[in-house]
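Descriptive analysis of the structure
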Amino acid sequence: MAHYDFREYLDALAAAGELVRVEAEVDPELEAGAIAQRLAERGGPAVHLTSLVGSEGASLVGGTLSRGARAIWAKAAVALDLDPGTAYATLLGEVVKRVDAPIKPLQVKGGPVKEVILAGEDVDLGTLPAPLLHEGDGGRYLTSWAVAIAGEPGSGYVAWDLLPMMVTGRNRLAGALDPDSPIGQLLRERYAPEGKLMPLAVAIGTIPVAAMAAGMTLARRRGTTAAEIAGGLQREPLHLVKAEESDLLVPASAEIVLEGVLRSDRQVQAGPFASVYGYRGRAAAPAPVFEVTTITRRHDPVLPFSTWGTPISDIHVVRGLDQDVQLRQAFDRRGWPIADVFSPPWLAGSFVAVSSKIPFSAFSQSIAGVVRSTDATRTVPWIAVYDDDIDLRNPVSLFHALVTKCHPKRDTWLVKESPAAPDAPQLTAAELERGSGPSVIFDCTWPRDWDPSIAVPPRVSFDQCYPQAIQEKVLAAWSTDYGFPPEDERPAS
């Protein structure tokens with residue numbers, strides 16, 4: 001059953017052991033961010049900070065989709081109404097099935113987000129607990145985990161994005177805008193050339209599938225909107241309500257919606273802020289101003305935030321799912337003998353692993369070509385291909401095969417120029433400016449011309465070095481006779 005609103009999702013997290021409510025007073029300046037960052041790095045529940053220094057009524061929630069207490073993807077499983085202990089392979093298969101069946105949203109006449117409406121001089125962003133998340137941030141980021149919504153004039157296309165913005169005035173926000181992001185493209189191509197102001201709405205505290213859909217590149221394909229993908233993810237239509245000052249439709253059950261215009265003709269210095277790679281962004285840079293003219297919200301709003309720091313934060317879980325979904329779709333369309341795909345969230349979207357039967361030599365380069373073809377993975381600089389007997393989701397297996405089966409000279413291909421992410425920390429200024437840089441392909445498979453009975457050494461592992469009868473006997477007695485914890489109760493890696 002879908003979650004009606006953000007609060008219902010928090011209750012579901014609490015029931016799953018993936019939420020802690022802290023009643024002790026916490027300072028939004030650095031303390032809140034430090035708590036959420038430590039939980040993201042070590043794995044832990046989301047944290048609801050109910051008592052904030054300098055704030056009455058509103059509260060903050062950190063890490064609503066970051067690495068969970070039970071498993072990395074436990075919170076994402078709860079968001080999708082699955083058991084929090086669901087294995088990633090099952091979760092990924094379910095996500096692929098759901099995004100392939102998008103559901104159009106349902107427009108409603110009202111909703112909880114309209115409980116309080118503020119306009120004109122009553123708009124004061126200083127009344128909301130925007131946290132200073134990291135030492136060195138350019139300011140207090142109010143929308144670090146919020147859904148930004150803009151429309152394309154004349155076409156009906158609506159773009160959703162995750163757009164962290166810092167408070168720069170009583171009714172102003174600003175944040176770095178990736179020119180290749182959906183909203184960045186609309187501003188650059190459809191509004192700025194004609195000197196038009198872009199109507200913008202930012203929804204804070206949405207149901208989790210809305211934030212997931214906004215963070216995926218799937219919806220950048222014209223013909224399917226993020227709202228439809230969110231509906232598919234929750235298997236029910238998303239409820240949207242008309243904004244107060246534009247024709248934009250916003251989540252009806254959101255905690256807060258900020259309405260106004262994004263102005264390319266008026267810029268301020270914004271940032272730095274954490275990047276998805278876990279480093280502080282480069283120096284502050286000019287960014288378009290978001291002028292907020294109306295705020296609609298619930299009573300005592302609950303605001304989610306994300307630190308975007310060292311993995312595994314909320315964005316890493318969402319981006320990893322996005323990459324794996326698109327890879328699965330791309331390989332399935334081709335009918336190739338792919339066993340598995342995996343984008344380790346602890347590597348911040350920079351590494352893709354694919355396992356497969358290897359039908360011919362240099363097949364790994366063909367696989368890398370497919371990786372380069374999807375919106376989500378085209379800028380990934382590290383691609384590794386494995387035989388189909390490797391458990392890609394086990395870091396030990398993943399890197400053991402990399403360092404023992406990949407010959408540094410024979411099996412490594414350096415690509416001098418390939419598409420690069422605009423904030424990749426390892427690239428030079430010149431590479432970032434031209435949007436391309438080097439990437440590498442690792443072939444972690446045994447060469448096709450090696451005789452398996454002579455040249456390929458057998459792997460000494462539980463599943464390959466013991467008779468099937470012994471394996472079954474040991475597994476059957478694992479908990480009952482030997483007294484070890486059940487497999488699904490092991491700590492998450």
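Residues numbered from 1 in each chain as written. Predicted model: local features only at pLDDT ≥ 70, side-chain atom pairs only at ≥ 80, totals over all residues. Heavy atoms only, no water.

1. Some details on the overall build of the protein
Just so we agree on the cut-off: Numbering goes from the N terminus for both helices and strands, where a helix is a DSSP run of H or I of at least four residues and a strand is a run of E of at least two. Between the two quantities, the radius of gyration covers C-alpha atoms and the globule rule is 2.2 Å times the number of residues to the power 0.38. A 1.4 Å probe rolled over the protein chains alone gives each residue an accessible area, and that area as a share of the maximum for its type sets the label: buried under 20%, exposed over 50%, partly exposed in between.
A tally of regular secondary structure across the protein gives twelve helices and 20 strands. Radius of gyration (C-alpha) of the protein: 23 Å, near the 23 Å computed for a compact globule of 493 residues. A principal-axis box enclosing the C-alpha atoms of the protein has dimensions of 80 × 55 × 40 Å. Looking at the 493 residues of the protein, the share that counts as buried comes to 53%.

2. Topic: the sheet that holds strand 20 (residues 436-444)
For clarity, the threshold we go by: A pair of strands counts as paired when DSSP detects no fewer than two bridges linking them. Fitted lines through C-alpha atoms serve as axes, helices being fitted only where they are in contact, and the angles separating the N-to-C directions of these axes extend from 0 to 180 degrees. Throughout, a residue-residue contact means that at least one pair of heavy atoms, one from each residue, lies within 4.5 Å.
Strand order in the open sheet made by the five strands is 16-17-18-20-19, with mixed pairing throughout. Looking along the sheet, the strands with just one partner apiece sit at the ends: strand 16 (338-342) and strand 19 (412-419). When the angles between neighbouring strand axes are averaged without regard to direction, this sheet yields 20 degrees. Two elements, strand 19 and strand 20, share six bridges in a ladder whose sense is antiparallel. By the bridge assignment for strand 20, valine 415 is matched with serine 439. Contacting strand 16 and strand 17 (351-356), helix 8 (residues 314-334) crosses the sheet at an angle of about 160 degrees to strand 16.

3. Brief notes about the confidence of the model for the protein
Rule in force here: Scored between 0 and 100, pLDDT is the confidence that the predictor attaches to each residue.
When pLDDT is averaged along the protein, the result is 94, and 98% of the positions lie at 70 or above. Below a pLDDT of 50 lies the segment residues 489-493, which in the model reaches seven contacts outside its immediate sequence neighbourhood of four places, other chains included.

4. Things to note about the nonpolar core
Condition: Throughout, nonpolar core names a set of buried Ala, Val, Leu, Ile, Met, Phe, Trp, Tyr and Cys residues whose side chains join them through atoms within 4.5 Å.
Counting residues in each nonpolar core, the largest one holds 129 residues, and the members touching the most others are Trp160, Leu258 and Tyr386. The contact partners of tyrosine 386, leaving out residues within four places of it in the chain, are Phe351, Ala353, Val354, Ser355, Ser356, Ile358, Leu392, Leu398, Ala401, Leu402, Cys444 and Thr445. Formed by 16 residues, the second largest nonpolar core is a distinct cluster that contains Leu327, Phe331, Ile358 and Ile367.

5. A word on the packing of helix 8 against helix 9 (residues 363-371)
The following threshold applies: The scheme is simple: roughly parallel for angles under 35 degrees, roughly antiparallel for over 145, roughly perpendicular for 65 to 115, oblique for anything else. What makes a crossing left-handed is the near helix being turned counterclockwise from the far one by less than a right angle; a clockwise turn instead makes it right-handed. The nonpolar class holds Ala, Val, Leu, Ile, Met, Phe, Trp, Tyr, Cys and Pro. Asp, Glu, Lys and Arg form the charged class, and all remaining residues, Gly among them, are polar.
One way to put it is that helix 8 packs onto helix 9 with a least axis distance of 10 Å and a crossing angle of 125 degrees. Classed by the angle they form, the pair helix 8 and helix 9 counts as oblique. The interaxial crossing formed by helix 8 with helix 9 has right-handed handedness. Across from Leu327, Ala330, Phe331 and Arg334 in helix 8, the residues of helix 9 making contact are Ile367, Val370 and Val371. Here the contact of helix 8 with helix 9 is composed, by residue class, of six nonpolar, no polar and one charged.

6. With respect to the environment of tyrosine 279
Considering the arrangement of structural elements, one finds tyrosine 279 in the loop between strand 13 (256-270) and strand 14 (285-297). In the structure, tyrosine 279 is positioned 31 residues away from threonine 310 in sequence and 7.1 Å away in space, judged by C-alpha atoms. Not counting residues within four places of it along the chain, the set of residues in contact with tyrosine 279 comprises Phe273, Ala274 and Pro425.

7. Quick notes on the state of the cysteines
Just so we agree on the cut-off: The disulfide criterion used throughout: a pair of cysteine sulfur atoms within 2.5 Å.
Taken as a whole and judged by the stated rule, the model has zero disulfides. Free cysteine: cysteine 406, not disulfide-bonded; nearest cysteine sulfur from cysteine 444 at 4.7 Å. A relative accessible area of 11% places cysteine 406 in the buried class. Residue cysteine 444 is classed as buried on the basis of its relative accessible area of 0%.

8. Things to note about the packing of aromatic side chains
The following threshold applies: Pairing of aromatic rings covers Phe, Tyr and Trp, the last counted by its six-membered ring, and requires centre-to-centre distances within 6.5 Å; plane angles under 30 degrees mean stacked, over 60 mean edge-to-face, and any other angle means tilted.
As enumerated under the stated definition, the model contains 15 aromatic pairs in all. When the centroid spacing of 5.9 Å and the interplanar angle of 25 degrees are considered together, the rings of tryptophan 446 and tryptophan 450 count as stacked. Of the residues examined, tryptophan 450 reaches a relative accessible area of 30% and is grouped as partly exposed. Among the aromatic residues, those joined into a cluster by ring pairs are Trp73, Tyr88, Phe342 and Trp346.

9. Looking at the pattern of salt bridges
Note the threshold: By definition, a salt bridge exists where a carboxyl oxygen of Asp or Glu is found within 4 Å of a side-chain nitrogen of Lys or Arg.
Counted according to the given criterion, the structure contains 23 salt bridges. Note that lysine 114 is salt-bridged to glutamate 244, the shortest N-O span being 2.7 Å. A residue pair is termed long-range when its members are at least 10 positions apart, and lysine 114 in the loop between strand 4 (106-108) and strand 5 (116-119) and glutamate 244 in the loop between strand 11 (239-242) and strand 12 (249-251) qualify at 130 residues. Residue classification places glutamate 244 among the partly exposed positions, given a relative accessible area of 39%. Where arginine 393 meets aspartate 340, a salt bridge forms, and the shortest distance between an N and an O atom there is 2.8 Å. Taken together, the residues span a long stretch of sequence, with arginine 393 in the loop between strand 18 (382-387) and helix 10 (395-405) and aspartate 340 in strand 16 at a distance of 53 residues. Residue arginine 393 is classed as buried on the basis of its relative accessible area of 18%. According to the relative accessible area criterion, aspartate 340 is buried, its value standing at 16%.

10. Some words on the packing of helix 4 (residues 88-99) against helix 8
Helix 8 packs onto helix 4 with a crossing angle of 70 degrees between their chain directions and a minimal axis gap of 10 Å. It follows from the interaxial angle that helix 4 and helix 8 lie roughly perpendicular. The hand of the helix 4/helix 8 crossing is right-handed. Two secondary-structure elements touch here, helix 4 through Tyr88, Leu91, Leu92, Gly93, Val95, Val96 and Val99 and helix 8 through Gly320, Leu321, Asp324, Val325, Arg328 and Gln329. Its residues assigned to classes, the contact of helix 4 with helix 8 shows eight nonpolar, three polar and two charged.

11. Side note on helix 1 (residues 6-15)
Threshold: In this description, one arc is meant: the one made by directions from the helix axis to the C-beta atoms.
All of the buried residues along helix 1 are Phe6, Tyr9, Leu10 and Leu13. Seen along its axis, helix 1 keeps its buried residues to an arc of 100 degrees; they face one direction. Check the buried side of helix 1 and you find it contacts strand 1 (19-22), strand 2 (46-49), strand 3 (59-62), helix 3 (74-79), helix 6 (208-215) and strand 15 (302-305). Of the residues one or two after helix 1, glycine 17 is the one with positive phi, at around 75 degrees.

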